[in-house]
Amino acid sequence: MLSPFLLLHSPISIPQNPKPAINFSPKSELRVERGLEFETGESFFRHESAAGRDLGVLAASLYRKSKGKLRVLDALCGCGIRSLRYLVEAEADFVLANDGNDEDRRVICGNLSRVPRGSGDERRWMVTHFEANRVMTECYLQRDFFDLIDVDSFGSDSSFLRSAMNALRLDGLLYVTSTDGFSSGGHRPYHSLAAYGAYVRPMPYSNEIGLRMLIGGAVREASVLGYRVTPLFSYYSYHGPVFRVMLRMNRGKLQDNRHYGFISYCAHCGNSKAFSCDQLGQIGCPCSDSKSIIVSGPLWTGPLHEASYLTELLNLAEEWGWAGTGTETALEKLLKQMLDESDPCLPFGFIKLDEVASRAKVNSPPLRLIMDTIRKEGYAVSRSHISYNALKTNCPMTECIRIAKELQQCDSAAIVDSAAIVNL
Ligand SMILES: C[S@@+](CC[C@H](N)C(=O)[O-])C[C@H]1O[C@@H](n2cnc3c(N)ncnc32)[C@H](O)[C@@H]1O
Ligand SMILES: [Zn+2]
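Along every chain, residues carry numbers that run from 1 in the direction the sequence is written. Working convention: letters from A go to chains and numbers from 1 go to ligands, in the order in which they are written. Only residues with pLDDT of at least 70 get local features here, since the model is predicted, and only at 80 or more are side-chain atom pairs given and counted; chain-wide, interface and lining totals rely on the full set of residues.

Looking at an unreviewed UniProt entry, one finds the protein chain named tRNA (guanine(26)-N(2))-dimethyltransferase, with Ficus carica as its source organism. Taken from UniProt, the Sequence similarities (unreviewed entry) comment for the protein chain reads in full: "Belongs to the class I-like SAM-binding methyltransferase superfamily. Trm1 family." UniProt positions are given in the numbering used here, feature names are shortened, and annotations may be inferred rather than shown by experiment.

Shown next as C-alpha cells:
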C-alpha cells in the first residue's frame, strides 16, 4: 500500500539542493554492475562502493526469502543503482527511490525502467525527491513501514537515524553509513560527541572505532525509541573512507551496559581494554601508567558481525556465483575475513604488526607466522578486514612483543645455521 502522501506529492523537489560539493561523475556514463546496465548521470556515484551494494543486496534477498516480502526505502539513492539492484537481484516487491536532488530524476527513472513499474498495489517502484528525513518521517506518519531502509549518507549525518528507525518495520534492516574519517580518527571529539554521543580520541585501530561509533550512535538512538539494534555485519572500506553497518531492529532495550561502554588504549604498554559505564571510575592499566591512557566512548564494544548471518550471506553469494567459483573473489575474501573476526573470543580493536615490531625493536615478522605462533600458544587470532597488516587477538601486547622477539631470534639462528652449512 503506497502512502497517500507519496501519491499526492511526488515528484517534487526539495527547496535546498543538497547536491554534494564534490561530484565524482561530471559526465554521464553507462556502467555495468553485476551484469546490470545503468547510467550515472551527474549523480554522485562511486564504483568502489560496489561491495557495499553487494552486501546490501545479499541481506535484502535473505530477508525476502525468510519473510516472503520485501519493501525497500533507498533514502539517498543517487543514480538509483541500489534501488535497481534491490528490485532485480533481491526481488524486492516495492522500492521507494528517493534523492534530494531532482536533477537526477531522468537518470533514476531511466535506470529503474529496466523493471516494469506496475500500478496500484502491484506497483514495483517510485521515485521521489524529498529531503531524506522528510520522506522517512512522512512514511512513519502514514504508518507506511519498510522492511529495509538504506541510508547512504555523507559525513557523520546521524540525524537520519531516528527518522529511519521510525519508518522501519520491527525486525527490519537498517543499512547506515558514515564517511567521517576525521571523527573516527579522534580529530573532532566534540563533533563525534554531538553526532554519535561518543567522545572519540586517536587510537591505533581508529577505523574500527569508526564502525563502533556509528553502531553506538544507532544503539543510543534506538533505545530512546524503546528499540534495540544489533549489527549483522559491519564493513569498513578505505575508499572514502566509508563505514557501513547493517543493523536489525527489534523492540526492547539493550540490557544494562551490554556492549555499550568505553574503550581504553594505553600508549605506554599498548594494551586495550573495554569498560562498562559503571566502571568509569576504575579505568586504568595494569602497567599503572595511567597518564598514558586514552579513552573513547561510550560506543559499541560488542561483536561487529553475527557469524551465522555472515555464513548465510556467503552461502547465498555462492549460490549466485559471486563466491566459491574456484578463484577467490574480493567479496568472498571479505566475507571470509569478517567470519574469522567474528570469533567470540576475539576482543574489540586490532594490533598493527608495525606497532608490535617497533615496541619489540625487531623487523616486522610475517603475519602468517606470528598468527600461527600466537594460535599455538592458545590464543584466539584472526586477520582484520579493516587493516591489511594487523591482527585481532586476545593475546596481550606484552606477549605479542615476546613472540615477535623469539621469532626474530629463531630467524637469526636459522641464518647462522645455513651460513655454517654453506661454509662446510
Ligand atoms: C552517497 S550518494 C548516494 C549514492 C548511491 N546510494 C549509490 O550507491 O550510488 C548520496 C546522495 O544523497 C543525496 N542527498 C544528500 N543529502 C540529502 C538529503 N538530506 N536528503 C535526500 N538526499 C540527499 C545526494 O544528492 C546524493 O545523490
Ligand atoms: Zn599500560
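Student: For this particular structure, what's the right way to read the overall build of the protein chain?
Tutor: Each helix is a run of H or I in the DSSP string that is no shorter than four residues. Each strand is a run of E no shorter than two, and both are numbered from the N terminus. Summing up its helical and strand segments, the protein chain has 14 helices and 15 strands in all. Compactness check: the protein chain gives a C-alpha radius of gyration of 24 Å against a globular reference of 22 Å for 424 residues, within 12% of the reference. Across its three principal axes, the protein chain shows a C-alpha extent of roughly 85 × 55 × 40 Å. Here the protein chain, with 424 residues, has 45% of them falling under the buried criterion. Pairs at least 24 apart in sequence give 66% of the contacts found in the protein chain among residues at least 6 apart. To get the radius of gyration, use the C-alpha atoms; to get the globule rule, take the number of residues to the power 0.38 and multiply by 2.2 Å. Counting other C-beta atoms within 10 Å of its own, a residue is labelled buried from 20 upward, exposed at 12 or fewer, and partly exposed in the gap between, with every C-beta atom placed from the backbone. Throughout, a pair of residues is in contact if the C-beta atoms placed from their backbones lie within 7 Å.

Student: When you look at the packing of helix H2 (residues 50-67) against helix H3 (residues 81-88) in this model, what are you seeing that I'm missing?
Tutor: Relative placement of two packed helices is described by the angle separating their axes and the distance separating the axes. Orientation is described by lines fitted to C-alpha atoms, with helices fitted over the stretch in contact, and by angles between N-to-C directions that extend from 0 to 180 degrees. With their axes 9 Å apart at the nearest point, H2 and H3 run at an angle of 35 degrees to one another. You can see that H2 and H3 cross each other, and the crossing is right-handed. Residue-level contacts link Arg53, Gly56, Val57 and Ala60 of H2 to Ile81, Arg82, Arg85 and Tyr86 of H3. Class assignment for the residues of the contact of H2 with H3 results in 4 nonpolar, 1 polar and 3 charged. Crossing handedness is defined as follows: a turn of the near helix away from the far one that is anticlockwise and smaller than a right angle gives a left-handed crossing, while the clockwise case is right-handed. Charged residues are taken to be Asp, Glu, Lys and Arg, nonpolar residues to be Ala, Val, Leu, Ile, Met, Phe, Trp, Tyr, Cys and Pro, and polar residues to be all remaining types, Gly included.

Student: Would you take a moment to explain the sheet that holds strand S6 (residues 146-151) for this structure?
Tutor: Being paired, for any two strands, means DSSP has found at least two bridges between them. Across the sheet, 7 strands lie side by side as S5-S4-S3-S6-S7-S9-S8; this open sheet has mixed pairing. If you trace the sheet from one side to the other, it starts and ends with strand S5 (125-128) and strand S8 (227-237), each paired once. Recorded for the sheet is a direction-independent mean angle of 15 degrees between the axes of neighbouring strands. Inspection of the sheet shows strand S3 (residues 71-74) paired to S6 by 3 bridges, in the parallel sense. Bridged to Val72 within S6 is Leu148.

Student: Could you clarify how one ought to interpret unusual backbone geometry in this entry?
Tutor: Generally, phi is negative for residues other than glycine and the peptide bonds are trans, each holding for most cases. For the peptide bond that leads from Gly240 to Pro241, omega is -5 degrees, which places it in the cis range. Here Pro241 lies in the loop between S8 and strand S9 (242-251). In this structure, Pro298 follows Gly297 across a cis peptide bond, with omega equal to -5 degrees. Along the polypeptide, Pro298 turns up in strand S12 (residues 293-300). You will see that Glu91, though not glycine, has its phi angle at about 55 degrees, which is positive. Non-glycine residue Lys361 carries a positive phi angle of around 55 degrees. A residue is classified by how many C-beta atoms lie within 10 Å of it, and Lys361, with 10 of them, is exposed.

Student: Where do I start with helix H11 (residues 330-340) in this structure?
Tutor: One full turn of an α-helix is made of 3.6 residues, so residues set three or four places apart face in the same direction. The complete set of buried residues in H11 reads Leu334, Leu335, Met338 and Leu339. The arc that holds the buried residues of H11, viewed along the axis, is 135 degrees, so those residues lie on one side. The outward face of H11, more than 90 degrees from its buried face, is lined by the exposed residues Ala330 and Lys333. As for H11, its buried residues are in contact with H2, S8 and helix H10 (307-319). In this description, the arc belongs to the directions extending from the helix axis to the C-beta atoms.

Student: So what exactly am I meant to see when it comes to the confidence of the model for the protein chain here?
Tutor: Segments scoring low in pLDDT should not have their predicted coordinates read at a detailed level. A residue's pLDDT is simply how confident the predictor is in it, with values from 0 to 100. When the pLDDT values of the protein chain are averaged, the result is 91; 90% of them are 70 or greater. Of the regions scoring below 50 in pLDDT, residues 7-25 engages in 31 contacts with residues more than four places distant in sequence or in other chains.

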